[in-house]
Amino acid sequence: MVGSSTEVVVEPSVTVTSPSLNTDGVQQTPEQLVAKAIAPVKREFLRPHPLRPCSGDGKTAVRHFKDIPSSVLKEKKSKRQLKRERRQEQKSVGHICPEIAKTGNISSCPYSANCRFSHDLEAFNAQKPPDLEGDCPFLNDEAICPYGLACRFSGTHKHGISNGVTNVRKKSSEMNGLSKDVQKLLWKNKVSFPKADAQLKLHGLLGANTLKMKKLDDKGEGYPNVLNGSLGNDCGNNDMVSASVEDVEKVAEKNNVDGENLSDEVRPPKKSKSVIDDKCCFSGENGAAMLGKDCKSSCIDTEPETRAEKKFTKDDMASLKSHQREKKLIDFRGKLYLAPLTTVGNLPFRRVCKLLGADVTCGEMAMCTNLLQGQASEWALLRRHSSEDLFGVQICGAYPDTVARTIELIEKECTVDFIDINMGCPIDIVVNKGAGSALLTKPMRMKNIVQTSSGIADKPITIKVRTAYYEGRNRIDSLIEDIGQWGASAVTIHGRSRQQRYSKVADWNYIYQCARKPPDNLQVLGNGDIFSYLDWNKHMSDCPQLSTCMIARGSLIKPWLFTEIKEQRHWDITSGERLNIFKDYVRFGLEHWGSDTKGVETTRHFLLEWLSYTYRYIPVGLLDVLPQRLNWRPPSYFGRDDLETLMASESAADWIRISEMLLGKVPPGFSFSPKHKSNAYDRAENG
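This one's a predicted model, so the numbers in the text were calculated from it and none came from an experiment. (Residues numbered from 1 in each chain as written. Predicted model: local features only at pLDDT ≥ 70, side-chain atom pairs only at ≥ 80, totals over all residues. Heavy atoms only, no water.)

*Asks:* I'd like a description of the overall build of the protein, backed by residues and values.
*Replies:* When you go through the protein residue by residue, the secondary structure sums to 25 helices and 14 strands. Here the protein holds 687 residues, and 54% of them are scored as buried. Partitioning the contacts of the protein with sequence separation of at least 6, the portion at a separation of at least 24 is 73%. In the structure as shown, the protein presents an accessible area of about 31400 Å², 49% of it carried by carbon and sulfur atoms. (Helix = DSSP H or I, 4+ residues; strand = E, 2+ residues; numbered from the N terminus. Buried < 20%, exposed > 50% of the residue type's maximum accessible area, 1.4 Å probe, protein only. Contact = heavy atoms within 4.5 Å. Areas by Shrake-Rupley, 256 points an atom, 1.4 Å probe, with all protein chains shown as cover.)

*Asks:* Could you give an account of the pairing of strand β10 (residues 418-423), naming the residues involved and the relevant values?
*Replies:* Most of β10 is tucked away: 6 of the 6 residues are buried. The alternating pattern of β10 places F418, D420 and N422 and I419, I421 and M423 on opposite faces, both of which are buried. Inspection of the sheet shows strand β9 (residues 391-396) paired to β10 by 4 bridges, in the parallel sense. Counted as the bridge partner of V393 is I419 from β10. A crossover connection joins β9 to the parallel β10 through helix α14 (residues 400-413); in handedness this β-α-β unit is right-handed. Pairing geometry for β10 and strand β11 (residues 461-466), over 5 bridges, is parallel. Across the sheet, the residue bridging to M423 is V465, located in β11. (Pairing = 2+ DSSP bridges. Right-handed = clockwise from strand over helix to strand, strands pointing away.)

*Asks:* Before we move on, can you summarise the packing of helix α22 (residues 575-593) against helix α25 (residues 652-663) with the specific residues and values?
*Replies:* Where α22 meets α25, the closest approach of the two axes is 10 Å, and the angle between their N-to-C directions is 65 degrees. For the pair α22 and α25, the sense of crossing is right-handed. Taken together, the residues of α25 that come into contact with α22 (itself represented by L579, F582, K583, V586 and L590) are M661, L662 and L663. Looking at the contact of α22 with α25, its residues break down into 7 nonpolar, no polar and 1 charged. (Axes fitted to C-alpha atoms, helices over the stretch in contact; angles between N-to-C directions. Left-handed = near helix turned anticlockwise from the far one by under 90°. Nonpolar A, V, L, I, M, F, W, Y, C, P; charged D, E, K, R; others polar.)

*Asks:* Residues and numbers for the sheet that holds β10, please.
*Replies:* Strand order in the open sheet formed by 8 strands is β6-β14-β13-β12-β11-β10-β9-β7, and the pairing between neighbours is parallel. Strands with a single pairing partner mark the edges of an open sheet, and in this sheet they are β6 (337-338) and β7 (361-367).

*Asks:* Pulling in residues and values, what's your account of the environment of T452?
*Replies:* For T452, the location among the structural elements is in helix α16 (residues 443-456). Taking the relative accessible area as the measure of exposure, T452 reaches 0% and is therefore buried. For the pair formed by T452 and D401, sequence separation is 51 residues and the distance between their alpha carbons is 8.2 Å. Setting aside chain neighbours within four positions, we find T452 in contact with Q199, L200, H203, L205, P400 and A404. Within the structure, the side chain of T452 is placed 3.2 Å from the backbone oxygen of I449, a separation counted as a polar contact. (Polar contact = N/O pair within 3.5 Å; in protein donor to acceptor, adjacent residues only side chain to side chain.)

*Asks:* Explain unusual backbone geometry to me, using residue names and the numbers behind them.
*Replies:* A cis geometry characterises the amide bond from L626 onward to P627, with omega recorded as 0 degrees. Its place among the elements puts P627 in the loop between α23 (597-614) and α24 (642-647). Non-glycine residue S112 carries a positive phi angle of around 55 degrees. The phi torsion at T343 lies on the positive side, around 75 degrees, for a residue other than glycine. Relative to the helices and strands, T343 is located in the loop between β6 and α11 (347-355).

*Asks:* Can you break down the packing of aromatic side chains residue by residue, with the values?
*Replies:* Counted by the stated rule, this structure contains 13 aromatic pairs. Judged by centre distance (6.1 Å) and plane angle (50 degrees), the rings of W508 and Y512 are tilted. Here W508 and its partner Y512 are both found in helix α18 (residues 508-515), 4 residues apart, which amounts to about one turn of the helix. Assessed through its relative accessible area of 8%, W508 is described here as buried. (Phe/Tyr/Trp six-rings, centres within 6.5 Å; stacked < 30°, edge-to-face > 60°.)

*Asks:* Tell me about the confidence of the model for the protein, and please be specific about residues and values.
*Replies:* Taken as a whole, the protein shows an average pLDDT of 78; of its residues, 71% reach a score of 70 or greater. Contacts of residues 1-17 to residues separated by more than four positions or lying in other chains number 33 contacts, the stretch itself having pLDDT below 50. Residue range residues 53-73 is modelled with pLDDT below 50. Its contacts to residues more than four positions away, or to other chains, number 18 contacts. (pLDDT = per-residue confidence, 0-100.)

*Asks:* So what's going on with the state of the cysteines? Residues and values would help.
*Replies:* In total, this model carries 0 disulfides according to the counting rule given. With no disulfide of its own, C514 has C543 as its nearest cysteine by sulfur position, at a separation of 9.7 Å. (Disulfide = S-S within 2.5 Å.)

*Asks:* Outline the pattern of salt bridges, supporting the account with residue identities and numerical values.
*Replies:* Proximity of charged atoms lets side chains of opposite charge pair with each other. The tally for this structure, following the rule as stated, stands at 27 salt bridges. When the shortest N-O distance is used, the salt bridge between R569 and E567 registers 2.5 Å. We classify R569 as partly exposed; its relative accessible area is 32%. Each member of the salt-bridge network shares a partner with another, and the members are D197, D401 and R405. (Salt bridge = Lys/Arg side-chain N within 4 Å of Asp/Glu carboxyl O.)

*Asks:* Let's hear about the packing of helix α6 (residues 194-202) against α16: which residues, and what values?
*Replies:* When two helices pack together, their arrangement is given by the angle between the helix axes and the distance between those axes. Across the interface, α6 lies against α16 with an axial gap of 9 Å and an inter-helix angle of 135 degrees. With respect to α16, the element α6 is oriented oblique. Taken as a pair, α6 and α16 cross one another with a handedness that is right-handed. Contact residues: α6 offers K195, A196, Q199 and L200, while α16 offers Q451, T452, G455 and I456. (Parallel < 35°, antiparallel > 145°, perpendicular 65-115°, else oblique.)

*Asks:* Quick one: what's the story with a positive patch on the surface, residue by residue and with numbers?
*Replies:* On the surface, K83, R86, R87, R116, K180, K184, K188 and K190 cluster together into a positively charged patch. Among the elements of the structure, α2 (79-90) and α5 (180-187) are those that each provide at least two residues to the positive patch. Counting residues per element, the positive patch draws most heavily on α2, which supplies 3 residues. Looking at where R116 falls in the secondary structure, it is placed in the loop between α3 (98-103) and α4 (121-127). Taking relative accessible area as the criterion, R116 reaches 44% and is therefore assigned partly exposed. (Patch = residues over 30% accessible without salt bridge, like charges linked within 9 Å, V, L, I, M, F, W, Y side chains within 5 Å. Lys, Arg positive; Asp, Glu negative; His and termini not counted. Charge placed at Lys NZ, Arg CZ, Asp CG, Glu CD.)

Dropping the structure here:
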């Protein structure tokens, strides 16, 4: 079904072998296969798996993404060059002005010749791809499509275009968008954070120490970067627990990463015309600290002259410290909790999981610094659909001031039920900046982050951690009692260390050990390797102290896992039913990302990312042993019909075929490589 635009690779003849045979050619029993973490597929469905030959001539083509080298050298372009290319692309005829697309009238654009989009309506119609099959997703309730002529379903528009009415409502069922006014204030560093600053001062985290570091940074001095990917000698020892706040601040300042080491995606804050007496440490992207001039991006008031003279009394700061009983707490007990999932856990996917039985949903992890800088792409991760009745957002930061200000901003601009702080992300770029699981080596910084956050937040604060940073050095059990006293309402424990990533199985016995220790006001949630209703039942019965279990990768591979848990059965879902789930996802994706060409291709991209996980599902009727385990390697097998066989393929070319069944032909020159390596048994590069 792949068109001529998709590259088809012809491979040389190769020898084949059966995964159910051992080296002596003897048929292996299902128990032997399970012991080797190979899925025991029934013999009649097995097919030989081709062995890719090694060729030194460089002519052998490879189709599977696991064989593609991860380190491909590409020419690094400057931000100015990327911006120039983006502007040139916007001027192309394929990018029609949105206002003209809505009305069909060239004179409707208020920017006229200064518009950055094309106004050539005839050229746009000449190059526009043919309409897709189906109806426009925006035609419910007699509404007018906000994409007008640019919609890939424009032929189904009953009311045509908006006839000059340009304020067409769009995405009315979504919330938590960032307004342009607030975004501009964030860009200009003119948003004040009085509650966060008061809490930081209350805990001794805002004052003379940061001012001294500002002066050192202005002189070009400062402390060396001691992170560099190695956190073994950082401030994670037991002596840190008894250290004074001032000593902790000095150690934290020594661990600051120079602003020059930040990712190219970080937008440097603009200079302010005013001078502030109290400066603060403002963390860069993924937790890196930016000192001196850069720190002004999160704490500049619209009236800085009064800000410099402002004094916080003890009564003022004490009044900001909310008592735990005054907050609206969430009872997670027995609820099915969809974990925050990077890339694939987007709003359309969460809507699919809600339809299939999820009770609690959480947005993708957002970096605090990017939110404080007003990055639209990061704020998009906080969007919420009206069907998500119990919804939280997850943020990640390395320092108390950054996290506290982000929480104050989120509570002011968004509608959420709880805020989760990530302290377990294993991704290198996050850990090397001192955020994510790097915080597991800094208990005093964990304390400062949770205390300041819970002190200003009206919503419950939850945290997500791993067992430890290094394998075999579990430490959450020694902190679990303190976490509740710091102000957290719940803690989710992933039963692996940062060093393990996703290798081996989750240590649920250690999760049980931690769940029996916390105070009454702290709920403990378990996370790791839940892939069937039997897994759920076992963990909840083995440890009644657990409030619930968070479901992560299991929902990516089979999102109907929530239905299985609620109905207490193994669902032998058919290929047609699975295709209907993908159809729902595509419909939700078009509503979220848009029904124009850009929206269609964005939906296709995230659908393909999801398909890079779903191929690992093995139908119930094909297995000799139930239930399927998350770490089983699926052999090559035939499905019960052609569509089921196609869905089981590990080839990206077959995933593209599935996307073409739902979204039409891919554009010329299309290529796809998954962002995440979903295989637990393969080298986990992305956490």
